[in-house]
Amino acid sequence: MEQSSPLISVIVPVYNAESYLNQCIDSILNQKLTDFELLLIDDGSTDKSGEICDVYQRQDNRVRVFHKKNGGGASSARNMGLDNAKGEWIAFVDSDDYVTPDYLFDLYDSLKENDIDLVIQNLSVFKDGTEPYRNATSELSHEIEVYDKYEFKKMLVEQLLVLRCWPVSKLFRRSLIKRHNLIFSSDLNFAEDYYFLFDYLLHIEKGVACASISNYFYREREGSLAHIGFGDFEKGYQSYKMFKEQGLRFVDMYKCSVDDLNLVYALHRTIMTAKSTSQLRSITAEDWDFFLEHFKVFTRKTKNDRWMVSHFKSHPFILLAYIKACRSLRNFLARTNMWGILDALKK
């Protein structure tokens, strides 16, 4: 007899996470809501992560393991999960994080009596050896707020959506993903989750349920900011163009503000990756104007960045010297684990 499809498919991309993987998987298998499958996507791990996944597959028939010989990154792993998922709904968990037993139950409970295509909840952040020390966008109400597609402008502002673009702590309708061939783009070198979420929202047919419930614990590893890095300029600039094109479609469809989408963040990040004056010269006048019109100052550093761009975008040698100095300071802080200095300066 053919086994019925599970209610929820939980997708976990795994790469060299042996130190945290047992805690992650155990927390998922210990869910109050039991009608789910767990897809572990081993993205070419070189430690014992793949073996750990295989052990769980032998022990629990809800677990399915897929080994990718050539790792393609988290986006590629999530896409493999989407290709193989059988559930009506999709949830994501990262392999170095963990969830409470209510994670899936509370996500699915938000669907009750509502015509919903997406559930958005919150997460808590912690460092190894400490209790969770902050709850992202914790000022939001724990009450479930439901928005239909004609209220997305309101949702964007009220729910601080650009700060909640992570794929975790959400439920996505699998049939909508399949119908519109939605994937995590490998053409982007950062913020693939942002692009996926807004691509999903562009195709949504029903409402969105939002709450500040936090059953997800995101591990902020010591020194992990160093891995954010300053990537390839050309790919970063192309990524910005993709974000901008998608964002302007969203603005047109839902009559919201460009500033509320924070599209300029991708351009700012790209500018700060420049390694040559020719790269800075390749930025169009339209994009420099877009930066100056929409870039918001919120720290001493961003104030300096905006001032330097406004005064020296036509003098790339000077602007590049500033960018390199910023990069050197960032690398020094990363090497010496002195990111706390930056946190203190922001207070």
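Fair warning: this is a prediction, and the values are worked out from it, not measured in the lab. Positions within a chain are numbered from 1, following the residues in the order the chain's sequence is written. Totals for whole chains, interfaces and linings use all residues, but because this is a predicted model, local features are given only for residues with pLDDT of at least 70 and pairs of side-chain atoms are given and counted only at 80 or more. With hydrogens and water stripped out, all remaining heavy atoms of the structure feed into the side-chain values.

### Digging into the overall build of the protein
In step 1: Helical segments are the DSSP runs of H or I of at least four residues, strand segments are the runs of E of at least two, and each set is numbered from the N terminus. On a plain count of helices and strands, the protein comes out with 15 helices and 10 strands.
In step 2: Within the protein, the fraction of its 347 residues that count as buried is 52%.
In step 3: The contact rule is simple, with two residues in contact once any of their heavy atoms fall within 4.5 Å. Sequence-distant contacts in the protein: of pairs separated by 6 or more residues, those separated by 24 or more amount to 79%.
In step 4: Where accessible areas are quoted, they stem from the Shrake-Rupley method and a 1.4 Å probe; at the residue level, only the protein chains shown are allowed to cover. Accessible surface for the protein amounts to roughly 17,000 Å². Of this, 50% is attributable to carbon and sulfur atoms. Between buried and exposed lies partly exposed: a residue is buried under 20% and exposed over 50% of the maximum accessible area for its type, with that area taken using a 1.4 Å probe on protein chains only.

### A few points about the pairing of strand β6 (residues 116-126)
In step 1: By the criterion of burial, β6 is predominantly enclosed, with 11 of the 11 residues buried.
In step 2: The rule for pairing is simple: two strands pair if DSSP sees at least two bridges between them. With eight bridges connecting them, β6 and strand β10 (residues 207-219) associate as parallel partners. Residue pairing in the sheet places Leu118 in a bridge with Val208 of β10.

### Structural notes on the environment of Trp166
In step 1: Positionally, Trp166 belongs in the loop between α5 (152-158) and β9 (170-173).
In step 2: Residues Trp166 and Leu197, 31 residues apart in the sequence, show an inter-C-alpha distance of 8.1 Å.

### Some points on the pattern of salt bridges
In step 1: Salt bridges, as used here, are contacts in which a Lys or Arg side-chain nitrogen is within 4 Å of a carboxyl oxygen on Asp or Glu. This structure, assessed with the given rule, holds 13 salt bridges.
In step 2: Where Lys68 meets Asp43, a salt bridge forms, and the shortest distance between an N and an O atom there is 3.0 Å. Of this pair, Lys68 sits in the loop between β3 (63-67) and α3 (74-84) while Asp43 sits in the loop between β2 (36-42) and α2 (49-59), and the two are 25 residues apart along the sequence. No difference in accessibility class separates Lys68 from Asp43, as the two residues are buried.
In step 3: Taken together, the salt bridges that share partners define one network made up of Glu88, Asp117 and Arg173.

### Let's talk about the pairing of β10
In step 1: With 12 of 13 residues buried, β10 is to be regarded as a mostly interior element.
In step 2: The sheet contact formed by strand β5 (residues 98-99) and β10 spans two bridges and is antiparallel. Bridge pairing in β10 places Val99 opposite Tyr216.
In step 3: In the sheet, strand β8 (residues 145-147) pairs with β10 via three bridges, with the strands oriented antiparallel.

### Here we look at the nonpolar core
In step 1: If you look at the biggest cluster of nonpolar residues, it comprises 104 residues, and the most contacted ones within it are Ile8, Leu38, Leu201 and Phe250.
In step 2: When residues no more than four places from it in sequence are discounted, the contact partners of Ile8 are Leu33, Asp35, Phe36, Glu37, Gly87, Trp89, Ala91, Leu104, Tyr108 and Leu171. Here, nonpolar core means buried Ala, Val, Leu, Ile, Met, Phe, Trp, Tyr and Cys residues that are tied together by side-chain atoms lying within 4.5 Å of each other.

### So, helix α7 (residues 192-202)
In step 1: Within α7, nine of the 11 residues are buried, which leaves the element mostly enclosed by the surrounding structure.
In step 2: Within α7 the residues assigned to the buried category are Tyr194, Tyr195, Phe196, Leu197, Phe198, Asp199, Tyr200, Leu201 and Leu202.

### A word on the packing of aromatic side chains
In step 1: Ring pairs shown here join Phe, Tyr and Trp side chains whose ring centres sit within 6.5 Å, with only the six-membered ring taken for Trp; geometry is labelled stacked below 30 degrees between planes, edge-to-face above 60, and tilted in between. Evaluation of the coordinates by the stated rule reveals 21 aromatic pairs.
In step 2: Where Phe172 meets Tyr200, the ring centres are 5.0 Å apart and the plane angle is 80 degrees; that geometry is what we call edge-to-face. Here Tyr200 lies in helix α7 and Phe172 lies in strand β9, a separation of 28 residues in the sequence.
In step 3: Accessibility expressed as a relative area gives 1% for Phe172, which makes it buried.
In step 4: Through a chain of ring-to-ring contacts, the aromatic side chains of Phe152, Phe190, Tyr194, Tyr195, Phe198, Phe243, Phe250, Tyr254 and Tyr265 assemble into a single cluster.
In step 5: Over the ring of Phe184 we find Arg78; its NZ or CZ atom is 5.4 Å from the centre of that ring.
In step 6: Charge over a ring is defined by NZ of Lys or CZ of Arg lying within 6 Å of the ring centre and within 35 degrees of the ring normal. In this structure, Lys244 is placed above the aromatic ring of Phe290, and the distance from its NZ or CZ to the ring centre is 4.6 Å.

### A few points about unusual backbone geometry
As a rule of thumb, non-glycine residues mostly have phi less than zero, and peptide bonds are mostly trans rather than cis.
In step 1: Of note in the backbone geometry, Asn181 takes a positive phi value of approximately 50 degrees without being a glycine.
In step 2: In this structure, Asn181 sits in the loop between α6 (174-179) and α7.
In step 3: Phi is positive for Ala191, close to 55 degrees, though the residue is something other than glycine.
In step 4: With respect to the secondary-structure elements, Ala191 resides in the loop between α6 and α7.
In step 5: On the accessibility criterion, Ala191 (23% relative accessible area) is partly exposed.

### A word on the environment of Arg269
In step 1: Relative to the assigned elements, Arg269 resides in helix α10 (residues 264-271).
In step 2: Using a relative accessible area of 13% as the deciding quantity, one classes Arg269 as buried.

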